[in-house]
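# Inside the fold
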Amino acid sequence: MIEKYKQYSLKYMLLSVSLIAAVNTFSQLDTTKKIKAPKHYFTPTLFSDYYVTPDKSIPQIRSRAKGLIEDKIIRNHLKSYQYSQLTGGFYVPLLTRDYERASGNTANFHLLVTGSYMMAMPRFAGISDHNLLKACAGLRGIYNSGKKGIWFFDATPFMSTDLSASCHTAYRWGGVALYDYMANPSLSFRFGFIRTFMFGNRYHLPYMGIRIGRLDRSYFSLQFPQIVTFSFPVGRYVRGGFYAKPMGGVFNMANNDTVYYKNPNEKTIFYGRFEMNYGLRIDANFSKHFSIYVAGGFTGYKHLGFFSDAENATNTTGALNRFYGELFTPSVFANFGFTLRIGRAKSIYKNYNMYEVFNTNSTIGVGSDINMGDGNIPNDIKKKVQANLKMKDVQDLIEAQDLY
């Protein structure tokens, strides 16, 4: 019996050694295979965002505020106001080209196709619910000179309609063109032009920005009219930031509740909203593929307005003329979302020009005022590496440094 057990043990040991040798041989052969390198620095990216503010009653008696058009009949009709929105979108790289310079620097060009939707859900106690859809598709091009200059262009045509009642569908467009001058990794400037609806109206504004501090460490960024933020790392995978930013838009809305009572036959009106948010945002980058964020704070300025479709029919370039405006006292807001990045990308580790490219792309939302975050940029956290690092710690270091 013992002899038979020894035979089985010997056979098991020989089989184990043979398997280990075979695995080692195949692994060595596998390393000779050419691994297909990623074509793009950007990966196909999806994002989703939800934003909500609480119900606020519309005061029936108030002093006239400068710039607002008061109408007690409309105010009594609306009664109260609450707002929420659901946003989703994507961008996908279509083309990436690298250009090797004689100086040793690498320039590159990126062409992305973009798309997004926003479901705006204003709620007034005195009228029916309206679900307002804004959907867009566009292109953005980014040229990185490999030295100090980055050019960014974005064109976003979109449509707006009311899914809850019959109304006209409007076709509009937004766009950005800017030049980013990065003096060094800790200092950059941006200059350009933006056509935007984020202030609850249609405006053509200059774009001006400055960033102080490295993007992979703590930094202060002022990007007019997009956002002002102080961002800081919290460990290797988490980033926090205090910010102030405008949020808003203009949407087509059915006049089935005769909000524009002076012309009840008008089928469509425009609903415009604008809020100035002050808050704290926390981004958690669980991996190079997935990030989530939560944010909250207060709105120091909250405004809504209504515009006549017919009266603005011939106004194709300037600010829209409204027939009613309302300003609310400060309120609170909550905001959360996620970003999903699919596939492999070229490494950008310690490539500060590419950090700037990714930050420009995330700051200027895809068809909206949503900031997708900088999960592509690893936090630069200095830690003492112990001699007895576990294998998982080594894998984490490789994940953070080599695969981004």
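Residues numbered from 1 in each chain as written. Predicted model: local features only at pLDDT ≥ 70, side-chain atom pairs only at ≥ 80, totals over all residues. Heavy atoms only, no water.

### A few points about the pattern of salt bridges
As a working rule, side chains carrying opposite charge can pair if their charged atoms are close by. Stated precisely, the cut-off is as follows: By definition here, a salt bridge exists when the distance from a side-chain nitrogen of Lys or Arg to a carboxyl oxygen of Asp or Glu is within 4 Å. Labels follow the DSSP assignment, with helices taken as runs of H or I lasting at least four residues and strands as runs of E lasting at least two, numbered in each case from the N terminus. Only protein chains enter the area calculation, which uses a 1.4 Å probe; residues under 20% of their type maximum are buried, those over 50% are exposed, and those in between are partly exposed.
Applying the stated criterion across every chain, the model contains 14 salt bridges. The closest approach of N and O atoms between arginine 75 and glutamate 326, which form a salt bridge, is 3.2 Å. One end of the pair, arginine 75, is in helix 2 (residues 72-78); the other, glutamate 326, is in strand 14 (residues 322-328), with 251 residues separating them in the sequence. Each member of the pair, arginine 75 as well as glutamate 326, is classed as buried. Between aspartate 283 and arginine 281 there is a salt bridge, with its nearest N and O atoms 2.8 Å apart. Relative accessible area serves as the criterion here: at 13%, arginine 281 is assigned to the buried category. Within this structure, Arg214, Asp216, Arg217, Lys350 and Asp380 form a network of salt bridges that share partners.

### Describing the environment of asparagine 265
Its location among the elements puts asparagine 265 in the loop between strand 11 (238-254) and strand 12 (268-285). A residue is classified by how much of its surface remains accessible, and asparagine 265, at 73% relative accessible area, is exposed. Considered as a pair, asparagine 265 and asparagine 255 are 10 residues apart in the sequence and their alpha carbons are 8.4 Å apart.

### A short note on unusual backbone geometry
Glycine aside, residues mostly have negative phi angles, and peptide bonds mostly take the trans form. A cis amide bond, omega 5 degrees, links phenylalanine 224 with the succeeding residue proline 225. One can find proline 225 in the loop between strand 9 (219-224) and strand 10 (227-234). The phi dihedral of threonine 258 is positive, around 50 degrees, even though this residue is not glycine. Look at threonine 258 and you get partly exposed, because its relative accessible area is 33%. Even without a glycine there, the phi angle at lysine 350 is positive, about 65 degrees. Checked against the element boundaries, lysine 350 lands in the loop between strand 15 (331-341) and helix 3 (352-363).

### Quick word on the layout of surface pockets
The line we're drawing: Lining residues are defined by having an atom within 4 Å of a point belonging to a cavity or pocket. Those points lie on a 1 Å grid over the protein atoms alone, cavities being sets where a 1.4 Å probe fits but cannot get out and pockets being open sets with protein on both sides within 12 Å along at least five of seven lines. Grid points are joined across faces, edges and corners, and a volume is the space filled by probe spheres set on the points. Each residue receives one of three labels: charged for Asp, Glu, Lys and Arg, nonpolar for Ala, Val, Leu, Ile, Met, Phe, Trp, Tyr, Cys and Pro, and polar for the others, Gly being one of them.
Of the volumes computed, that of the second largest pocket is approximately 250 Å³. If you trace the second largest pocket, you find 16 residues lining it, with Ala170, Tyr171, Arg172, Arg202 and Phe270 closest to the centre. For the lining of the second largest pocket, the residue count by class is 6 nonpolar, 6 polar and 4 charged.

### Some remarks on the confidence of the model for the protein chain
The predicted coordinates of low-pLDDT regions are not to be read in fine detail. Definition in use: The predictor rates its confidence in each residue with pLDDT, a number between 0 and 100. Between two residues, a contact is recorded if the distance between any of their heavy atoms is within 4.5 Å.
Looking at the protein chain, pLDDT values average 86 and 84% of them are 70 or higher. The low-confidence segment residues 1-32, where pLDDT is below 50, has 0 contacts with residues more than four positions distant or belonging to other chains. Residue range residues 384-390 is modelled with pLDDT below 50. Its contacts to residues more than four positions away, or to other chains, number 2 contacts.

### Quick notes on empty space enclosed by the protein
Scanning the model with the defined rule gives 6 cavities of 30 Å³ or more in all. A volume near 450 Å³ is recorded for the largest cavity. In terms of lining, the largest cavity is formed by 35 residues, of which the most central are Tyr219, Thr229, Arg281, Asp283 and Asn371. Residue contributions to the lining of the largest cavity peak at 7 residues, all from strand 11. Taken together, the residues of the lining of the largest cavity break down into 11 nonpolar, 16 polar and 8 charged. Of the voids in this model, the second largest cavity is the one considered here, and its volume is about 310 Å³. In terms of lining residues, the second largest cavity is bounded by 23 residues, among which Lys134, Arg195, Thr196, Gly367 and Ser368 are the most central.

### Looking at the side chain of aspartate 180
Note the following rule: Think of a polar contact as two N or O atoms within 3.5 Å of one another; within protein, one of them needs to be a possible hydrogen donor and the other a possible acceptor, and neighboring residues in sequence only count if both atoms come from side chains.
With respect to the helices, strands and loops of the structure, aspartate 180 is situated in strand 6 (residues 170-184). Polar contacts involving the side chain of aspartate 180 include one to the side chain of arginine 190, which spans 2.7 Å. Every residue in contact with aspartate 180, bar those within four places of it in the chain, is listed here: Lys148, Gly149, Ile150, Ser188, Phe189, Arg190, Glu356 and Thr360.

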